[in-house]
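# Observations on chain architecture
Each chain is listed here by its residues.
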There are 2 protein chains.
Amino acid sequence: MGRKIEIVEVGPRDGFQNLCDYIPAEEKLRFIDGLADAGITHIQVTSFVSPKAIPQMKDATEVAKEALARHPGLDFFALVPNLRGAQAAKDAGLKKVSNVISLSESHNKANIRKTHEESFAELDKILETLPELEVSIDVATAFGCPFEGKFPTEKLLSFLDVLYKKGIREFTLCDTTGMANPAQVREVVTKVKEAFPDAVFEAHIHDTRNMGMVNTLAAIEAGIDKVQSTLGGLGGCPFAPGASGNTSTEDLVNMLNEMGYETGVDVEKLVSLAREEKAKIPGIYSGHLLNMPVTV
Amino acid sequence: MGRKIEIVEVGPRDGFQNLCDYIPAEEKLRFIDGLADAGITHIQVTSFVSPKAIPQMKDATEVAKEALARHPGLDFFALVPNLRGAQAAKDAGLKKVSNVISLSESHNKANIRKTHEESFAELDKILETLPELEVSIDVATAFGCPFEGKFPTEKLLSFLDVLYKKGIREFTLCDTTGMANPAQVREVVTKVKEAFPDAVFEAHIHDTRNMGMVNTLAAIEAGIDKVQSTLGGLGGCPFAPGASGNTSTEDLVNMLNEMGYETGVDVEKLVSLAREEKAKIPGIYSGHLLNMPVTV
């Protein structure tokens, strides 16, 4: 048995949220069913955000409730930008949420219209109001910001320290616009794991500059055991061609399985599901296997 | 100054050869000019093959001669399948050719209609008839064959040994259909470098399964200093969608430059050139930067 790597599918949130045409809740649930059938156990099933901001996620409660009902044993969670979202996630039955805060303050303002102080205060409210909820933090722009460029790793360490002191023990390092490179990923992962040895770190790497696979592997080889990706590599905005996308779950699983890692995921089922998704839902799919006319 | 990595552009051969619509020689030469302007010094400018088999390469002599005339200082070479091609390459003024032989005998038969014995005999004829020509060997299917699957590394070592004893000192390990994974690349590269310490090895990795970048980096980190790729990732057959492609030169250079390697190549010029190529020449471009609406 090789080293175990946990695959965290975030397509139902990070893939679908960029699509303008509404995907019916039943369709979303069928993809969650398919992911579960392929052996994926960690799924970010939706996002509890303002339906005005992201109409695609207006069915968050329905999707979360029904997904939990269909797959009671699996690890489902949702992204929440604030206390209101966290409360809605809890009311839908979720035990776990990821709260997103950008390392770059300018990106944080652009993304969720909050300063760092305001985000930290909102997080405090979530932790105080809903102490039974498991809260992880998605650290957006952890490897660089399209507005501010790259940051010294010390800035990330200080940022994590603030969150750690609030009791957070699970962090997702997000390369929001695909600015990282493997050398940087190794350095950052090594340093954060040294600084916070009892915390769990996940990697969420975008494939914008074609480094989705190589950076995710760099994170794994530097010690990260949990990696996020989306089925088909779905992601990015259809109105900004090429500004995608996510690391493709099936391509990643195929690489890891071939290398002898233990993912517990059936890559053939994932490829079939990704092809089905692409046929039904127009979007930017950066994965390769789903386009390949050969079997894996 | 970081470690120096030599970028070998093979797009004018491996990219263009799959395109059905003839690209005028002058157009091909303008891309070679652009590549040279971006700082690429090693270019596989064409292939001396039967124009019946690959009509796109019917202008091999014209392209090679004119490229040499325009860029006398650069390292230009061509692919040749046999003595006839090698003679034509020499007559065009080239000092270096790459002769392709597949590790997989069934692939060798499918590709150049020769058994291993016949290929080795043809190579002997090239070496005897044209002793002044520098001959490297492209080892196709070095990491696996679509017909025969993966081979033990010992088979590759025996194959290289036959060639080494004929005096060959430069080998390109080709992952012809993108079957390699980073663990395999590291193992293979480590073993061949141990077995043939005075030979030069290059890596030529296809991106079929989305491992072009990660496998090329694996080859570099295992000790290979010279890597092949194509501008835009152009490659594969337009009639087999997704069965592309090559590792994209500009994406690869961007990663290596960002990591601190010394490539001597200007990535912005390459991205502009790749975009120009894509606009002019329809094909399968697997690169990301050329599709990205942002600067690098």
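Scroll up for the structure.
Residues numbered from 1 in each chain as written. Chains lettered and ligands numbered in written order. Predicted model: local features only at pLDDT ≥ 70, side-chain atom pairs only at ≥ 80, totals over all residues. Heavy atoms only, no water.

### A word on empty space enclosed by the protein
A complete count under the given rule lists five cavities of 30 Å³ or more for this structure. Counted as a void, the largest cavity has a volume near 60 Å³. Secondary structure elements with two or more residues in the lining of the largest cavity: helix 8 (182-195) and helix 9 (212-221) of chain A together with helix 8 (182-195) and helix 9 (212-221) of chain B. Class assignment of the residues belonging to the lining of the largest cavity gives a composition of eight nonpolar, no polar and four charged. (1 Å grid on protein atoms, 1.4 Å probe; cavity = no way out; pocket = protein on both sides within 12 Å on 5 of 7 lines; lining within 4 Å. Points joined across faces, edges and corners; volume = space filled by probe spheres on them. Helix = DSSP H or I, 4+ residues; strand = E, 2+ residues; numbered from the N terminus. Nonpolar A, V, L, I, M, F, W, Y, C, P; charged D, E, K, R; others polar.)

### With respect to the packing of helix 10 (residues 249-258) of chain B against helix 11 (residues 267-280) of chain B
Residue and element names in this part refer to chain B. The contact between helix 10 and helix 11 brings their axes to 9 Å, and the two run at 165°. Classified by the interaxial angle, the pair formed by helix 10 and helix 11 is roughly antiparallel. As for the relative orientation of helix 10 and helix 11, their crossing is left-handed in sense. Residues Thr249, Glu250, Val253, Asn254 and Asn257 of helix 10 touch helix 11, and the partners they reach there are Val267, Leu270, Val271 and Ala274. Residue composition of the contact of helix 10 with helix 11, by class: five nonpolar, three polar and one charged. (Axes fitted to C-alpha atoms, helices over the stretch in contact; angles between N-to-C directions. Parallel < 35°, antiparallel > 145°, perpendicular 65-115°, else oblique. Left-handed = near helix turned anticlockwise from the far one by under 90°. Contact = heavy atoms within 4.5 Å.)

### Regarding helix 6 (residues 116-129) of chain A
Residue and element names in this part refer to chain A. Spanning 14 residues, helix 6 covers 20 Å between terminal C-alpha atoms, matching the ideal 20 Å at 1.5 Å per step. All of the buried residues in helix 6 are His116, Ser119, Phe120, Glu122, Leu123 and Ile126. When helix 6 is viewed along its axis, its buried side chains cluster within an angular range of 160° and face the same direction. Among the exposed residues of helix 6, those oriented more than 90 degrees off its buried face are Glu117 and Glu128. Those residues of helix 6 that are buried lie in contact with helix 4 (83-91), strand 4 (96-102), helix 5 (105-112), strand 5 (134-140) and helix 7 (153-165). (Expected span 1.5 Å × (residues − 1). Buried < 20%, exposed > 50% of the residue type's maximum accessible area, 1.4 Å probe, protein only. Arc of directions from axis to C-beta.)

### A short note on the relation of the copies chain B and chain A
When chain B is fitted onto chain A, the two copies agree to an RMSD of 0.0 Å after a turn of 180° and an axial shift of 0.0 Å. What the superposition gives is, in effect, a two-fold axis relating one chain to the other. Within chain B, B:Val214 has its C-alpha nearest the rotation axis, a separation of 2.3 Å. Both copies present the same face, since 100% of the interface residues in chain B are matched by interface residues at the equivalent positions in chain A. (Least-squares fit on C-alpha atoms with pLDDT ≥ 70 in both.)

### Concerning helix 2 (residues 25-37) of chain A
All names here are of chain A. Taking 1.5 Å as the rise per residue, helix 2 with 13 residues should run 18 Å; its terminal C-alpha atoms sit 18 Å apart, in good agreement. Those residues of helix 2 not exposed but buried are Ala25, Glu27, Lys28, Leu29, Phe31, Ile32, Gly34, Leu35 and Ala36. Close packing links the buried residues of helix 2 with strand 1 (6-9), helix 1 (11-15), strand 2 (42-47), helix 3 (60-70), strand 3 (75-80) and helix 11 (267-280). Just past helix 2, the residue glycine 39 takes up positive phi, approximately 105°.

### With respect to the sheet that holds strand 5 of chain A
All names here are of chain A. Sheet architecture is closed into a barrel: eight strands sit in the order 1-2-3-4-5-6-7-8, paired in parallel fashion. Across the sheet, the axes of successive neighbouring strands diverge by a mean angle of 25°, strand direction being ignored. As paired elements, strand 2 and strand 3 share five bridges and run parallel to each other. In the sheet register, histidine 42 faces strand 3, and the bridge partner there is aspartate 75. Taken strand by strand, helix 2 contacts strand 1, strand 2 and strand 3, and its axis lies near 170° from that of strand 2. Of the strands in this sheet, strand 4 and strand 5 are in contact with helix 6, which crosses strand 4 at around 165°. (Pairing = 2+ DSSP bridges.)

### Considerations on the sheet that holds strand 6 (residues 170-175) of chain B
Residues and elements named next belong to chain B. Here eight strands make up a closed barrel; going around it, the order is 1-2-3-4-5-6-7-8 and the pairing parallel. Neighbouring strand axes in the sheet, compared pairwise and without regard to direction, differ in orientation by 25° on average. Pairing analysis gives four bridges linking strand 1 (residues 6-9) to strand 8 (residues 226-229), with the strands arranged parallel. Directly across from glutamate 9, in strand 8, lies its bridge partner serine 229. Where helix 10 meets the sheet, its contacts fall on strand 1 and strand 8, and the angle it forms with strand 1 comes to roughly 175°.

### A word on the pairing of strand 7 (residues 200-205) of chain B
All names here are of chain B. Most of strand 7 sits out of view: five of its six residues are buried. One ladder, built from six bridges, connects strand 6 with strand 7; its direction is parallel. Counterpart to glutamate 170 in the pairing with strand 7 is valine 200. Pairing of strand 7 with strand 8, which is carried by three bridges, proceeds in the parallel orientation. Its bridge partner being in strand 8, glutamate 202 is matched across the sheet by lysine 226.

### What to know about the pairing of strand 8 (residues 226-229) of chain A
A regular strand carries its side chains on alternate faces of the sheet. Neither face of strand 8 of chain A is open: one carries A:Lys226 and A:Gln228, the other A:Val227 and A:Ser229, and all of them are buried. Tracing the backbone out of strand 7 (residues 200-205) of chain A, into helix 9 of chain A and back to the parallel element strand 8 of chain A gives a crossover that is right-handed. (Right-handed = clockwise from strand over helix to strand, strands pointing away.)

### Quick look at the interface of chain B and chain A
For an interface, size is often stated in terms of accessible area lost upon the parts coming together. At the interface, 33 residues of chain B touch 33 residues of chain A. Each partner contributes to the roughly 2,500 Å² buried at the junction of chain B and chain A, and carbon and sulfur atoms together form 58% of this total. Ranking the residues of chain B by area buried against chain A places B:Arg209, B:Asn210 and B:His288 at the top, with a combined share of 25%. Where chain B meets chain A, there are four salt bridges. Here B:Lys150 makes a salt bridge to A:Glu258, at a shortest N to O gap of 3.4 Å. Taken together, the connections running from chain B to chain A amount to 12 residue pairs in polar contact (both at pLDDT 80 or more). (Buried area = accessible area lost by both parts, 1.4 Å probe. Salt bridge = Lys/Arg side-chain N within 4 Å of Asp/Glu carboxyl O. Polar contact = N/O pair within 3.5 Å; in protein donor to acceptor, adjacent residues only side chain to side chain.)

### A word on the nonpolar core
Generally speaking, nonpolar side chains in soluble globular proteins are found buried as a group. Formed by 182 residues in total, the largest nonpolar core has its most connected members in A:Leu173 and B:Leu173. Those residues within four positions of B:Leu173 in sequence are excluded, and the remaining contacts are B:Val139, B:Ala142, B:Phe143, B:Leu156, B:Val188, B:Val189, B:Val192, B:Phe201, B:Glu202, B:Ala203, B:His204 and B:Ile224. (Core = buried A, V, L, I, M, F, W, Y, C linked by side-chain atoms within 4.5 Å.)

### A word on unusual backbone geometry
All names here are of chain B. The phi dihedral of arginine 113 is positive, around 55°, even though this residue is not glycine. You can see arginine 113 is positioned in the loop between helix 5 (105-112) and helix 6 (116-129). The class for arginine 113 is exposed, based on a relative accessible area of 71%. Here the phi dihedral of threonine 141 falls at roughly 55°; this positive angle occurs in a residue that is not glycine. Summarising the element assignment, threonine 141 is placed in the loop between strand 5 (134-140) and helix 7 (153-165).

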